[in-house]
Amino acid sequence: MLLDSFEAIAATDPDRVAIRCHDEKVSYCDLNHSANLLAHWLLQTGIKPGDSVCVFFEPSPQSLVSLLAILKIGGVYVPLDVEHPAKRIAFLLEDTKPAIILTRSYHCDRLPQDANTHIIDHYSQPAPTENKNTPIAAPTVTLNSHQPAYIFYTSGTTGNPKGVVASRSNLAHYCRSAILQFSMNHQTVMPTIARLTFSISLLEWLCPLLAGGCVYVLSRDTVMDIPKMAGLLKQFSMLHMGPSLLTVLVRYLQQKQVPVSEFEHIHHISSGGDLIKPELLNALCTYFPNAQKCVVYGCTELACMATFQEINEHTLPHRPIIGKPFPNVDIVFLDEQQNPHSEMA
């Protein structure tokens, strides 16, 4: 099952740190307990497998509690961005028609007054319960791999945003492939850099937990504060960052002449989603000598990552590259008539 490894760690190594957020640490046991509480409460309120549940938080432990609880009951995870314009939020809610919206009290004024909302202002009290300090088992729900797991929406730059549904098997394959390809394990500490509404966010929020590692929750303000991010790098073992932001970060390290020795502990760094210039890849080889460095591409419609290319100082490309398919992924190039191309571009 999708969350078996996470739940096993919560049972066998309950004090292991699952989340770091500011100065707060949340153990696997506490995170699983909170997710189970919310999962039971959702079922008690009538939420069924296949029902859409919108999550309307800034990056926070509550976001992760909600994601896990929704997956535990077979619900469909639909993240919304608290920074998005009201018009887009209204469109997505109308399109999704969620059974319930999970949010904080101070975000409610951005939601329709008649919306069915449930307030979670602290991760440890996600739902009304008489046994907050008593471990509670995961709910027993009949699930199958073909059930939908999440809906992420496209940007809508070519029209209205379109919801892309992925199954539980899609999500399981995505997580399994990323964990194996990027050697994620119990020592993994990964920051949450992508917006919650980007499908790549699941690499940061879910994969570390399934590998036994730690999710380091960052606010959007912190992500955009380059000096602060540079100082936090010593806390991470791996990270994924878009090429524009990563370029700014690397330039800052170069300008401040930060010693390369400060990043020897980072074992993986990747970028994708936009054009990655060879100059950036060259700089990554200099500043992160011990890291696996990858170019990854995909999109919301592909359940996220589709291709990757590992690079080092001996294999630096002279032009932008796409790479090769992830395991069990086929790449087909089509010509203008939508016929398979005879050669890979």
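Here the structure is a predicted model, which is why all the values come from computation and not from measurement.

S.K.: Explanation requested: the packing of helix H2 (residues 28-44) against helix H3 (residues 61-72) in the structure shown.
M.R.: Packed helices, taken two at a time, are described by their axes: the angle between them and the distance between them. Relative to each other, H2 and H3 sit at 55°, their axes nearing to 8 Å. As summarised for this structure, H2 and H3 are arranged oblique, according to the angle between their axes. Relative to H3, H2 is oriented so that their crossing is right-handed. Contact with H2, carried on its side by Leu31, Asn32, Ser34, Ala35, Asn36, Leu38, Ala39 and Leu42, involves Leu64, Val65, Ser66, Leu68, Ala69 and Lys72 of H3 and no other residues of that element. Tallied by class, the residues present in the contact of H2 with H3 amount to 9 nonpolar, 4 polar and 1 charged.

S.K.: In this structure, what is going on with empty space enclosed by the protein? I would like to understand it.
M.R.: The gaps left among the atoms become clear once a water-sized probe is rolled over them. Under the counting rule described, the total for this entry stands at 1 cavity of 30 Å³ or more. What lines the largest cavity is simply Pro79, His84, Arg88, Leu92, Ile151, Phe152, Tyr153 and Thr197. Within the residue set of the lining of the largest cavity, elements represented by two or more residues are helix H4 (86-96) and strand E7 (148-153). In terms of residue class, the lining of the largest cavity is made up of 5 nonpolar, 2 polar and 1 charged.

S.K.: Please explain the layout of surface pockets as it appears in this structure.
M.R.: Quantified by volume, the second largest pocket comes out at close to 270 Å³. Counting residues per element, the lining of the second largest pocket draws most heavily on helix H10 (residues 243-255), which supplies 6 residues. The residue inventory of the lining of the second largest pocket, partitioned by class, reads 6 nonpolar, 3 polar and 4 charged.

S.K.: What's the story with the side chain of Glu204 in this structure? I'm lost.
M.R.: As for its placement among the helices and strands, Glu204 is situated in helix H6 (residues 201-205). At 3.1 Å, the side chain of Glu204 forms a polar contact with the backbone nitrogen of Ala194. With residues up to four places along the chain from it excluded, the contact list for Glu204 reads Met190, Pro191, Thr192, Ile193, Ala194, Val215 and His240.

S.K.: Help me understand the nonpolar core, please; the structure alone is not making it clear to me.
M.R.: Within soluble globular proteins, side chains that are nonpolar tend to cluster in buried spots. One finds Leu31, Leu171, Phe182 and Leu203 to be the most contacted residues of the largest nonpolar core, which totals 65 residues. Once you skip the residues sitting within four places of it in the chain, Leu171 turns out to touch Leu2, Leu71, Ala149, Tyr150, Leu202 and Leu206. Counting residues in each nonpolar core, the second largest holds 35 residues, with Leu239, Leu245, Cys285 and Ile311 among its members.

S.K.: Would you take a moment to explain unusual backbone geometry for this structure?
M.R.: One can expect most non-glycine residues to show negative phi and most peptide bonds to be in trans. A positive phi angle, near 60°, is found at His22, a position not held by glycine. Relative to the elements of secondary structure, His22 occurs in the loop between strand E1 (17-21) and strand E2 (24-27). The residue Ser183 is not glycine, and still its phi comes out positive at about 55°. Its location among the elements puts Ser183 in the loop between helix H5 (168-181) and strand E9 (189-191).

S.K.: Would you take a moment to explain the sheet that holds E1 for this structure?
M.R.: Pairing is mixed across the open sheet formed by 4 strands, whose spatial order is E2-E1-E10-E9. The outermost strands of the open sheet, each flanked by one partner alone, are E2 and E9. In this sheet, adjacent strand axes meet at a mean angle of 20° when their direction is disregarded. With 3 bridges connecting them, E9 and strand E10 (residues 214-217) associate as parallel partners. Bridge pairing links Pro191 to Tyr216 in E10.

How each quantity is defined
- Residues numbered from 1 in each chain as written.
- Predicted model: local features only at pLDDT ≥ 70, side-chain atom pairs only at ≥ 80, totals over all residues.
- Heavy atoms only, no water.
- Axes fitted to C-alpha atoms, helices over the stretch in contact; angles between N-to-C directions.
- Helix = DSSP H or I, 4+ residues; strand = E, 2+ residues; numbered from the N terminus.
- Parallel < 35°, antiparallel > 145°, perpendicular 65-115°, else oblique.
- Left-handed = near helix turned anticlockwise from the far one by under 90°.
- Contact = heavy atoms within 4.5 Å.
- Nonpolar A, V, L, I, M, F, W, Y, C, P; charged D, E, K, R; others polar.
- 1 Å grid on protein atoms, 1.4 Å probe; cavity = no way out; pocket = protein on both sides within 12 Å on 5 of 7 lines; lining within 4 Å.
- Points joined across faces, edges and corners; volume = space filled by probe spheres on them.
- Polar contact = N/O pair within 3.5 Å; in protein donor to acceptor, adjacent residues only side chain to side chain.
- Core = buried A, V, L, I, M, F, W, Y, C linked by side-chain atoms within 4.5 Å.
- Buried < 20%, exposed > 50% of the residue type's maximum accessible area, 1.4 Å probe, protein only.
- Pairing = 2+ DSSP bridges.

Read these as layout, nothing more, since geometry by itself doesn't imply function.
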